[in-house]
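Chain by chain, the residues:
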Amino acid sequence: MTRTPVNVTVTGAAGQIGYALLFRIASGHLLGPDVPVNLRLLEIPQGLKAAEGTAMELDDCAFPLLRDIEITDDANVGFAGANVALLVGARPRTKGMERGDLLSANGGIFKPQGKAINDNAADDIKVLVVGNPANTNALIAQAAAPDVPAERFTAMTRLDHNRAISQLAAKTGAAVSDIKKLTIWGNHSATQYPDIFHAEIAGKNAAELVNDEAWLGDTFIPTVAKRGAAIIEARGASSAASAANAAIDHVHTWVNGTAAGDWTSMGIPSDGSYGVPEGIISSFPVTTENGTYKIVQGLDINEFSRARIDASVKELTEERDAVRELGLI
Ligand SMILES: NC(=O)c1ccc[n+]([C@@H]2O[C@H](COP(=O)([O-])OP(=O)(O)OC[C@H]3O[C@@H](n4cnc5c(N)ncnc54)[C@H](O)[C@@H]3O)[C@@H](O)[C@H]2O)c1
Ligand SMILES: O=C(O)C[C@H](O)C(=O)O
């Protein structure tokens, strides 16, 4: 039986993450090896020509699953019938820009895109915001889409989750695939908290195995939280292939489910769990099944973790208050 293609919209398609992302979506890594896709590339006018070049290359791959590519600078066209939207294009912070300016500039992107999703996307739309500040951009888009269930707007912390697994594997000598139940809490920023207290390595508690609070506080947490900045410093550009890979992982897990005995991290609208104020888009441990996610409940949060979760959540509430003041939500 031929499946109906899934419409996947990618904003910022001509950017560096877009370039790393589109070929993997078209080859079946986002949704599965038997799911055909239509790609909708949304760019600003200056990005259209480069997006056309990328589309030519996509054609040249002759991907069996890629049915159609449309390139546009009109958000209403770009999100028409979208089942999955990856909001990558954002306004980067430039020299001398204050945080309020950054939030305001991104409000000018994510508010109209949220409205265009509200008015044009398919009923089952799932949104992942990658463009920074991802959590608050997701909040802005969500607020502009009152007809879309709030939980369909998510922000990417899967890159942080993958970074944390990799660091933990390097420290312990374990295989990456042996590490389960790691959690990123809070914001996709330097305040995020990668939590290994519930993580397992080949079935054993990770924090007990590591048994080194100094490494945890002085090495592991800052390495993961500041990895984005370290990559910018080393590469002269922000992470692209690893960010695209995490976006693929995020949506693939959301659609296809978490494995038994494991969970993942997603930035999602808080329902008040773990004392995180309702409504802000914060990272939590989640399990997924049949295209929906649930926050893992009942985890014991020790003092070390509580202080770090609270600090990141405080930053998120401040960002929410700032965009509220700017009239963006
Ligand atoms: N959440 C994460 O883990 C994570 C990781 C890495 C990067 N990021 C963020 O992802 C974003 C994109 O990174 P990049 O390296 O691809 O940037 P980039 O500058 O290479 O590309 C961004 C693209 O977005 C386009 N764009 C700008 N405004 C747009 C709009 N209104 N509609 C459609 N397209 C628009 C630009 O023309 C450009 O082609 C940045 O905000 C970056 O900070 C997030
Ligand atoms: O683009 C950035 O500022 C860094 C990025 O969010 C990352 O985590 O790699």
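Calculation criteria
- Residues numbered from 1 in each chain as written.
- Chains lettered and ligands numbered in written order.
- Predicted model: local features only at pLDDT ≥ 70, side-chain atom pairs only at ≥ 80, totals over all residues.
- Heavy atoms only, no water.
- Helix = DSSP H or I, 4+ residues; strand = E, 2+ residues; numbered from the N terminus.
- Rg over C-alpha atoms; globule rule 2.2 N^0.38 Å.
- Buried < 20%, exposed > 50% of the residue type's maximum accessible area, 1.4 Å probe, protein only.
- Areas by Shrake-Rupley, 256 points an atom, 1.4 Å probe, with all protein chains shown as cover.
- Salt bridge = Lys/Arg side-chain N within 4 Å of Asp/Glu carboxyl O.
- Core = buried A, V, L, I, M, F, W, Y, C linked by side-chain atoms within 4.5 Å.
- Contact = heavy atoms within 4.5 Å.
- UniProt positions renumbered as here; feature names shortened; annotations may be inferred.
- Domains from an automatic or database assignment.
- Buried area = accessible area lost by both parts, 1.4 Å probe.
- Polar contact = N/O pair within 3.5 Å; in protein donor to acceptor, adjacent residues only side chain to side chain.
- Near = heavy atom within 4 Å.
- Nonpolar A, V, L, I, M, F, W, Y, C, P; charged D, E, K, R; others polar.
- Pairing = 2+ DSSP bridges.
- Phe/Tyr/Trp six-rings, centres within 6.5 Å; stacked < 30°, edge-to-face > 60°.
- Lys NZ or Arg CZ within 6 Å of the ring centre and 35° of its normal.

Caption draft 1: Region of interest: the overall build of the protein. A count of helices and strands for the protein gives 11 helices and 14 strands. Compactness check: the protein gives a C-alpha radius of gyration of 19 Å against a globular reference of 20 Å for 329 residues, within 12% of the reference. Counting over 329 residues, the protein shows a buried share of 53%. For the protein, the exposed area adds up to about 14,200 Å²; of that, 50% sits on carbon and sulfur atoms.

Caption draft 2: Geometry of the pattern of salt bridges. On inspection of all chains with the given rule, the structure shows nine salt bridges. Measuring nitrogen to oxygen at the nearest pair gives 3.1 Å for the salt bridge that ties Arg-40 to Asp-68. One end of the pair, Arg-40, is in strand E2 (residues 37–42); the other, Asp-68, is in strand E3 (residues 66–72), and 28 residues separate them in sequence. One salt bridge connects Lys-115 with Asp-119, and the closest N-O pair in it is separated by 2.6 Å. In this pair, Lys-115 and Asp-119 are both assigned in helix H4 (residues 99–120), four residues apart and thus about one turn of the helix distant. If you follow the salt bridges from partner to partner, you end up with Arg-40, Asp-68 and Glu-70 in one network.

Caption draft 3: How the structure looks around the nonpolar core. With 39 residues, the main nonpolar core has Leu-168, Leu-182, Trp-185, Ile-196, Phe-220 and Phe-284 as its most contacted residues. Contributing elements (two or more residues each) for this core: helix H6 (158–172), strand E8 (183–185), helix H7 (206–210), helix H8 (213–225), strand E12 (264–269), strand E13 (281–289), strand E14 (292–295) and helix H11 (303–325). The element best represented in this core is H8, accounting for five residues. Here Leu-168 is in contact with Ile-179, Leu-182, Ile-196, Ile-201, Ala-206, Val-210, Trp-215 and Phe-220, once residues within four sequence places are set aside. Grouped together as the second largest cluster of nonpolar side chains are 33 residues, Ile-17, Leu-128, Ala-240 and Ala-244 included.

Caption draft 4: Representation of the UniProt feature "domain: Lactate/malate dehydrogenase C-terminal" (unreviewed entry) in the protein within the structure. Here the UniProt-annotated "domain: Lactate/malate dehydrogenase C-terminal" (unreviewed entry) positions come out as residues 157–323. Structurally, residues 157–323 comprises 47% helix and 19% strand, and the distance from its first C-alpha atom to its last is 21 Å.

Caption draft 5: The arrangement of the domain arrangement of the protein in detail. Domains assigned within the protein are domain 1 (6–155) and domain 2 (157–322). Domain 1 and domain 2 are separated by 23 Å when their C-alpha centres are compared. Domain 1 puts 31 residues into the contact, and the matching count from domain 2 is 37 residues. For the pair domain 1 and domain 2, the summed buried area comes to about 2,500 Å², and 64% of that belongs to carbon and sulfur atoms. Broken down residue by residue, the surface that domain 1 buries against domain 2 is led by Gln-16, Lys-126 and Asn-135, which jointly contribute 23%. On inspection of domain 1 and its partner domain 2, the count reaches zero salt bridges. Across the domain 1-domain 2 interface, the total number found is 13 residue pairs in polar contact (both at pLDDT 80 or more). Counting only elements with at least two residues in the side of domain 1 that touches domain 2, the list comes to helix H1 (16–26), strand E4 (84–87), H4, strand E5 (126–129), helix H5 (134–143) and strand E6 (153–155). Considering every element that reaches the side of domain 1 that touches domain 2, the biggest residue donor is H1, with six residues.

Caption draft 6: Region of the structure containing the site of ligand 1. Ligand 1 sits among 22 residues. The nearest are Gln-16, Ile-17, Glu-43, Val-130 and Asn-132. Note that a nitrogen atom of ligand 1 is positioned 3.3 Å from one of the backbone N or O atoms of Val-130. Elements that contribute at least two residues to the shell around ligand 1 include exactly H1 and H4. A breakdown of the residues in the shell around ligand 1 according to their chemical character gives 11 nonpolar, 10 polar and one charged.

Caption draft 7: Quick peek at the sheet that holds strand E7 (residues 179–180). Here three strands make up an open sheet; going across it, the order is E7-E10-E11 and the pairing antiparallel. Looking at the sheet topology across the chains shown, the edges are occupied by E7 and strand E11 (204–205). In the sheet, E7 pairs with strand E10 (residues 200–201) via two bridges, with the strands oriented antiparallel. The partner of Lys-180 across the bridge, within E10, is Glu-200.

Caption draft 8: Representation of the packing of aromatic side chains within the structure. Applying the stated criterion to the full structure yields seven aromatic pairs. Aromatic pair Tyr-19 and Phe-23: ring centres 5.4 Å apart, planes at 70 degrees, arrangement edge-to-face. Of this pair, Tyr-19 and Phe-23 both sit in helix H1, four residues apart, which is roughly one turn of the helix. Overall, the relative accessible area of 40% leaves Tyr-19 in the partly exposed class. One aromatic cluster in this structure is built from Trp-185, Tyr-274 and Phe-284. Over the ring of Phe-304 we find Arg-308; its NZ or CZ atom is 3.6 Å from the centre of that ring.

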